[in-house]
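Here is what each chain is made of, one letter per residue.
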Amino acid sequence: DIQMTQSPSSLSASVGDRVTITCRASQSISNSLNWYQQKPGKAPKLLIYAASTLQSGVPSTFSGSGSGTDFTLTISSLQPEDIATYYCQQSSTIPYTFGQGTKLQIK
Amino acid sequence: EVQLLESGGGLVQPGGSLRLSCAASAFTFSNFAMTWVRQAPGKGLEWVSTISSSGVSTDYADSVKGRFTISRDNSKNTLYLQMNSLRAEDTAVYYCARSALFLRTTYHCYYMDVWGNGTTVTVSS
(Lines give C-alpha, C1' and ligand atoms only; values in the text may rest on other atoms or scores of the structure.)
Protein backbone atom coordinates (compact mmCIF):
# COMPACT_ATOMS: atom_id res chain seq x y z
CA ASP A 1 0.00 0.00 0.00
CA ILE A 2 1.06 3.60 -0.61
CA GLN A 3 1.64 5.45 2.66
CA MET A 4 0.72 9.13 2.83
CA THR A 5 2.51 11.20 5.45
CA GLN A 6 1.38 14.72 6.28
CA SER A 7 3.32 17.33 8.18
CA PRO A 8 2.84 18.90 10.51
CA SER A 9 0.18 16.92 12.40
CA SER A 10 -1.01 20.14 13.99
CA LEU A 11 -0.42 23.78 13.28
CA SER A 12 -1.26 27.04 15.00
CA ALA A 13 -1.26 30.23 12.95
CA SER A 14 -2.64 33.77 13.04
CA VAL A 15 -5.35 35.25 10.86
CA GLY A 16 -3.74 36.54 7.69
CA ASP A 17 -0.78 34.16 7.86
CA ARG A 18 0.38 32.06 4.94
CA VAL A 19 0.00 28.40 5.89
CA THR A 20 1.63 25.42 4.22
CA ILE A 21 0.84 21.75 4.76
CA THR A 22 2.91 19.06 3.12
CA CYS A 23 2.04 15.52 2.07
CA ARG A 24 4.56 12.89 1.05
CA ALA A 25 3.75 9.62 -0.71
CA SER A 26 5.82 6.48 -0.12
CA GLN A 27 6.09 6.03 -3.90
CA SER A 28 5.35 8.12 -6.96
CA ILE A 29 1.67 8.86 -7.52
CA SER A 30 2.12 11.28 -10.42
CA ASN A 31 -0.54 13.98 -9.88
CA SER A 32 -3.21 11.69 -8.36
CA LEU A 33 -3.48 13.65 -5.13
CA ASN A 34 -6.50 15.30 -3.55
CA TRP A 35 -6.94 17.60 -0.55
CA TYR A 36 -9.98 17.66 1.72
CA GLN A 37 -11.07 19.94 4.56
CA GLN A 38 -13.08 18.61 7.48
CA LYS A 39 -14.67 20.71 10.18
CA PRO A 40 -15.74 19.14 13.49
CA GLY A 41 -18.89 17.05 13.17
CA LYS A 42 -19.09 17.63 9.42
CA ALA A 43 -18.40 15.61 6.31
CA PRO A 44 -15.14 16.22 4.44
CA LYS A 45 -15.16 18.79 1.66
CA LEU A 46 -13.06 18.60 -1.49
CA LEU A 47 -10.64 21.51 -1.90
CA ILE A 48 -8.11 20.49 -4.54
CA TYR A 49 -7.97 17.55 -6.97
CA ALA A 50 -5.26 16.28 -9.28
CA ALA A 51 -2.68 18.02 -7.09
CA SER A 52 -3.42 21.57 -8.22
CA THR A 53 -6.95 21.97 -9.59
CA LEU A 54 -9.15 24.10 -7.38
CA GLN A 55 -12.63 22.63 -6.85
CA SER A 56 -15.45 24.89 -7.94
CA GLY A 57 -16.59 27.22 -5.17
CA VAL A 58 -13.42 26.91 -3.10
CA PRO A 59 -11.78 30.28 -2.30
CA SER A 60 -8.72 31.14 -4.34
CA THR A 61 -6.76 31.54 -1.10
CA PHE A 62 -6.32 27.75 -1.32
CA SER A 63 -3.81 26.29 -3.76
CA GLY A 64 -2.07 22.98 -4.31
CA SER A 65 1.20 22.01 -5.91
CA GLY A 66 3.53 19.08 -6.36
CA SER A 67 3.98 15.93 -8.36
CA GLY A 68 5.45 12.50 -7.87
CA THR A 69 5.91 12.06 -4.12
CA ASP A 70 5.85 15.56 -2.63
CA PHE A 71 2.80 17.80 -2.46
CA THR A 72 1.80 21.02 -0.77
CA LEU A 73 -1.46 22.67 0.24
CA THR A 74 -1.14 26.41 0.78
CA ILE A 75 -3.56 28.87 2.32
CA SER A 76 -2.33 32.29 1.24
CA SER A 77 -4.12 34.26 3.95
CA LEU A 78 -5.60 32.32 6.86
CA GLN A 79 -9.20 33.13 7.74
CA PRO A 80 -11.09 32.10 10.91
CA GLU A 81 -13.38 29.86 8.86
CA ASP A 82 -10.34 27.85 7.66
CA ILE A 83 -10.01 26.22 11.08
CA ALA A 84 -10.37 22.52 10.32
CA THR A 85 -8.46 19.31 9.80
CA TYR A 86 -6.94 18.84 6.35
CA TYR A 87 -6.34 15.48 4.67
CA CYS A 88 -4.45 14.50 1.56
CA GLN A 89 -5.50 11.37 -0.33
CA GLN A 90 -3.91 9.48 -3.20
CA SER A 91 -6.01 7.92 -5.95
CA SER A 92 -3.20 6.46 -8.02
CA THR A 93 -3.41 2.93 -6.64
CA ILE A 94 -5.94 0.90 -4.69
CA PRO A 95 -6.26 1.22 -1.70
CA TYR A 96 -6.85 4.96 -1.97
CA THR A 97 -5.03 5.97 1.20
CA PHE A 98 -5.39 9.16 3.20
CA GLY A 99 -2.79 11.05 5.16
CA GLN A 100 -3.25 11.13 8.92
CA GLY A 101 -4.54 14.69 8.86
CA THR A 102 -3.28 18.14 9.85
CA LYS A 103 -5.26 20.00 12.49
CA LEU A 104 -5.14 23.74 11.91
CA GLN A 105 -5.87 26.12 14.78
CA ILE A 106 -5.88 29.85 15.24
CA LYS A 107 -3.11 31.30 17.37
CA GLU B 1 -29.04 20.54 -5.31
CA VAL B 2 -26.75 17.55 -5.69
CA GLN B 3 -27.17 15.44 -2.58
CA LEU B 4 -26.26 12.14 -0.97
CA LEU B 5 -28.18 10.83 2.03
CA GLU B 6 -26.95 7.85 4.02
CA SER B 7 -29.12 5.65 6.20
CA GLY B 8 -29.04 2.28 7.93
CA GLY B 9 -26.53 2.89 10.67
CA GLY B 10 -27.09 1.79 14.24
CA LEU B 11 -25.95 -0.37 17.11
CA VAL B 12 -25.09 -3.97 16.29
CA GLN B 13 -23.43 -6.76 18.25
CA PRO B 14 -20.04 -8.17 17.22
CA GLY B 15 -20.53 -10.73 14.49
CA GLY B 16 -23.74 -9.10 13.35
CA SER B 17 -24.72 -7.56 10.03
CA LEU B 18 -25.94 -4.20 8.80
CA ARG B 19 -26.77 -2.73 5.41
CA LEU B 20 -26.10 0.91 4.72
CA SER B 21 -27.85 2.81 1.95
CA CYS B 22 -26.96 6.04 0.20
CA ALA B 23 -29.66 7.78 -1.81
CA ALA B 24 -28.45 10.11 -4.55
CA SER B 25 -30.39 13.02 -6.03
CA ALA B 26 -30.03 15.80 -8.60
CA PHE B 27 -27.33 14.18 -10.72
CA THR B 28 -27.07 11.27 -13.15
CA PHE B 29 -26.14 8.58 -10.65
CA SER B 30 -25.29 5.98 -13.30
CA ASN B 31 -22.50 8.18 -14.70
CA PHE B 32 -20.38 8.12 -11.56
CA ALA B 33 -18.33 5.69 -9.53
CA MET B 34 -19.24 5.76 -5.86
CA THR B 35 -17.17 5.29 -2.71
CA TRP B 36 -17.61 4.53 0.98
CA VAL B 37 -15.22 6.20 3.44
CA ARG B 38 -15.31 5.72 7.21
CA GLN B 39 -14.00 7.57 10.23
CA ALA B 40 -13.57 5.91 13.60
CA PRO B 41 -14.21 8.11 16.66
CA GLY B 42 -11.43 10.67 17.00
CA LYS B 43 -9.50 9.18 14.07
CA GLY B 44 -8.74 10.05 10.46
CA LEU B 45 -10.44 9.09 7.23
CA GLU B 46 -10.22 5.55 5.85
CA TRP B 47 -11.17 4.56 2.32
CA VAL B 48 -13.41 1.47 2.48
CA SER B 49 -14.68 0.58 -0.99
CA THR B 50 -15.36 1.91 -4.49
CA ILE B 51 -17.76 0.65 -7.16
CA SER B 52 -17.69 1.58 -10.84
CA SER B 53 -20.53 3.46 -12.48
CA SER B 54 -21.98 0.26 -13.96
CA GLY B 55 -21.44 -1.78 -10.82
CA VAL B 56 -19.26 -4.31 -12.62
CA SER B 57 -16.01 -3.36 -10.88
CA THR B 58 -15.52 -3.20 -7.10
CA ASP B 59 -12.53 -2.63 -4.83
CA TYR B 60 -12.12 -3.01 -1.08
CA ALA B 61 -9.73 -2.13 1.71
CA ASP B 62 -8.01 -5.19 3.12
CA SER B 63 -9.61 -4.46 6.49
CA VAL B 64 -13.10 -5.20 5.11
CA LYS B 65 -12.43 -7.55 2.20
CA GLY B 66 -14.51 -10.69 2.44
CA ARG B 67 -16.87 -9.14 5.02
CA PHE B 68 -18.28 -6.08 3.26
CA THR B 69 -20.00 -5.93 -0.14
CA ILE B 70 -20.57 -2.73 -2.09
CA SER B 71 -23.37 -2.63 -4.63
CA ARG B 72 -25.62 -0.18 -6.41
CA ASP B 73 -29.03 0.01 -8.03
CA ASN B 74 -28.86 2.59 -10.79
CA SER B 75 -32.62 2.39 -11.35
CA LYS B 76 -33.13 3.54 -7.76
CA ASN B 77 -30.15 5.96 -7.61
CA THR B 78 -28.96 4.13 -4.52
CA LEU B 79 -25.62 2.84 -3.26
CA TYR B 80 -25.34 0.09 -0.66
CA LEU B 81 -22.80 -1.35 1.72
CA GLN B 82 -23.61 -4.78 3.14
CA MET B 83 -21.52 -5.30 6.27
CA ASN B 84 -21.22 -8.80 7.74
CA SER B 85 -19.16 -10.28 10.57
CA LEU B 86 -18.89 -6.85 12.16
CA ARG B 87 -16.12 -6.15 14.63
CA ALA B 88 -15.61 -3.48 17.26
CA GLU B 89 -13.01 -1.85 15.01
CA ASP B 90 -15.70 -1.27 12.36
CA THR B 91 -17.29 1.32 14.67
CA ALA B 92 -17.23 4.55 12.71
CA VAL B 93 -19.15 7.19 10.84
CA TYR B 94 -19.64 5.89 7.30
CA TYR B 95 -19.75 8.42 4.47
CA CYS B 96 -20.77 7.80 0.89
CA ALA B 97 -19.17 9.98 -1.74
CA ARG B 98 -19.43 10.56 -5.46
CA SER B 99 -16.21 9.73 -7.27
CA ALA B 100 -15.44 11.86 -10.29
CA LEU B 101 -12.59 11.14 -12.70
CA PHE B 102 -9.92 13.53 -13.91
CA LEU B 103 -8.27 11.88 -16.91
CA ARG B 104 -5.03 12.79 -18.60
CA THR B 105 -2.86 10.84 -21.03
CA THR B 106 -0.22 10.08 -18.40
CA TYR B 107 -2.35 9.63 -15.29
CA HIS B 108 -5.84 9.51 -13.85
CA CYS B 109 -7.19 10.90 -10.62
CA TYR B 110 -10.42 9.89 -8.90
CA TYR B 111 -11.65 12.51 -6.47
CA MET B 112 -14.65 12.62 -4.13
CA ASP B 113 -16.52 15.81 -4.91
CA VAL B 114 -19.88 15.22 -3.20
CA TRP B 115 -20.26 13.70 0.27
CA GLY B 116 -23.19 12.63 2.38
CA ASN B 117 -23.51 13.67 6.02
CA GLY B 118 -22.62 10.20 7.25
CA THR B 119 -24.33 7.45 9.22
CA THR B 120 -22.97 6.06 12.48
CA VAL B 121 -22.27 2.39 12.98
CA THR B 122 -21.52 1.16 16.49
CA VAL B 123 -20.41 -2.43 17.03
CA SER B 124 -20.69 -3.33 20.68
CA SER B 125 -22.18 -5.94 22.97
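Structure first, text after, so check above.
In this report, the structure presented in the accompanying data block is examined. Here the residue index of a chain counts from 1 through its sequence in written order. Here the convention is simple: chains get letters from A, ligands get numbers from 1, in the order in which they are written. Residues qualify for local features only when their pLDDT is at least 70, as the model is predicted, and side-chain atom pairs are given and counted only at 80 or more; totals for whole chains, interfaces and linings, by contrast, use all residues. Values reported for side chains reflect all heavy atoms of the structure, with hydrogen atoms and water molecules removed beforehand.

### With respect to the packing of aromatic side chains
Geometry of aromatic contacts follows a simple scheme: Phe, Tyr and Trp rings, the Trp one being its six-membered ring, pair when their centres are within 6.5 Å, and the pair is stacked under 30 degrees between planes, edge-to-face over 60, tilted otherwise. Across all of its chains, the model carries eleven aromatic pairs over all chains by this definition. For the ring pair Tyr-96 of chain A and Tyr-110 of chain B, a centre distance of 6.5 Å and an interplane angle of 35° mean the geometry is tilted. Of this pair, Tyr-96 of chain A sits in the loop between strand 9 (84-90) and strand 10 (102-106) while Tyr-110 of chain B sits in strand 10 (residues 108-115), on two different chains. Exposure is judged per residue with a 1.4 Å probe applied to protein chains only, and the accessible area is read against the type maximum: over 50% gives exposed, under 20% gives buried, and values in between give partly exposed. By relative accessible area, which is 27% here, Tyr-110 of chain B ends up partly exposed. Seen from their ring centres, Tyr-95 of chain B and Trp-115 of chain B are 6.0 Å apart, and the 75° between their planes marks the pair as edge-to-face. Strands here mean DSSP runs of E at least two residues long; helices mean DSSP runs of H or I at least four residues long; both are numbered from the N terminus.

### Structural notes on the sheet that holds strand 6 (residues 53-54) of chain A
Residue and element names in this part refer to chain A. Pairing between strands is defined by DSSP: at least two bridges between the two strands are required. An order of 2-10-9-4-5-6 is seen for the six strands of this open sheet, with the pairing classed as mixed. Each edge of the sheet is formed by a strand with only one pairing partner; in this case those strands are strand 2 (10-13) and strand 6. Two elements, strand 4 (residues 33-38) and strand 9, share six bridges in a ladder whose sense is antiparallel. If you follow Leu-33 over to strand 9, its bridge partner there is Gln-90.

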